[in-house]
Amino acid sequence: KDRLLSTLAGRPFVIDVSSLGSQSNTQTSELLDPANAFGNWTSFVGNHLPDEAVPVIHLEDPFNTVGFLAQIGNIPVRFGVVALRLPLDYGYIPEVVRAFNSVRRDCVVFIDAAYISESSRNAVVNQMTFLLPLLAQLRPKIFAPLSSSFPSSVLDPGYGQDDSGCFPLSEVGVSEAL
């Protein structure tokens, strides 16, 4: 931890925990337990992270307004900015915006499309573009689209037709389009 923080040298950084099974373990699963408004997460953030951290506010499905607001309230105000990572297919984005606006904290917003392909890129851009006016209500300090088109293997049949790693990065097209 100390080596990582010394590398960051006081610069702001977003801290999140993945719920992907391939990138999780018992400890990360415990941090993401939604009990007590993600109490394990907010306790970890408050007790172990420096002020320049930008903690992610975690979501439940279905959306739980009371838990969401309690989680935000449990993140110490010394963290001047919090992050919202909204899955593009999350069905409660308007509710998140409405609830978050009731507490008025500074935020950064990540809209996460997960894996995209060249054929789905335009649909992802259209969905994100549709959401931009709604997300603008949050007045985010940063808005960033998240996605990945990186294949599980550059040797997958039909993906790039080569063995040297030359394949399109559809996420670059999404960022450029927005």
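Scroll up to find the structure this text is about.
Below you will find a few notes about this structure. Since this is a predicted model, take the numbers as computed values, not measurements. (Residues numbered from 1 in each chain as written. Predicted model: local features only at pLDDT ≥ 70, side-chain atom pairs only at ≥ 80, totals over all residues. Heavy atoms only, no water.)

## Some points on the pattern of salt bridges
Line of reasoning, step 1. Summed over all chains, the structure comprises five salt bridges.
Line of reasoning, step 2. Two residues, Asp-16 and Arg-85, come together in a salt bridge whose shortest N-O distance is 2.8 Å. In this pair, Asp-16 sits in the loop between strand S1 (13–15) and helix H2 (26–31) while Arg-85 sits in strand S3 (residues 81–87), placing the two residues 69 residues apart along the sequence.
Line of reasoning, step 3. Owing to a relative accessible area of 24%, Arg-85 belongs among the partly exposed residues under this scheme.
Line of reasoning, step 4. In this structure, the salt-bridge partner of Arg-121 is Glu-118, at a minimum N-O distance of 3.3 Å.
Line of reasoning, step 5. Several salt bridges converge on common partners, so that one network encompasses Asp-16, Arg-85 and Asp-112. (Salt bridge = Lys/Arg side-chain N within 4 Å of Asp/Glu carboxyl O. Helix = DSSP H or I, 4+ residues; strand = E, 2+ residues; numbered from the N terminus. Buried < 20%, exposed > 50% of the residue type's maximum accessible area, 1.4 Å probe, protein only.)

## Here we look at the packing of helix H6 (residues 121–136) against helix H7 (residues 170–177)
Line of reasoning, step 1. Across the interface, H6 lies against H7 with an axial gap of 10 Å and an inter-helix angle of 35°. Relative to H7, the crossing made by H6 is right-handed. For the pair H6 and H7, contact is made by Arg-121, Val-124, Val-125 and Met-128 and by Ser-170, Gly-173, Val-174 and Ala-177, respectively.
Line of reasoning, step 2. Looking at the contact of H6 with H7 residue by residue, the class counts come to five nonpolar, two polar and one charged. (Axes fitted to C-alpha atoms, helices over the stretch in contact; angles between N-to-C directions. Left-handed = near helix turned anticlockwise from the far one by under 90°. Contact = heavy atoms within 4.5 Å. Nonpolar A, V, L, I, M, F, W, Y, C, P; charged D, E, K, R; others polar.)

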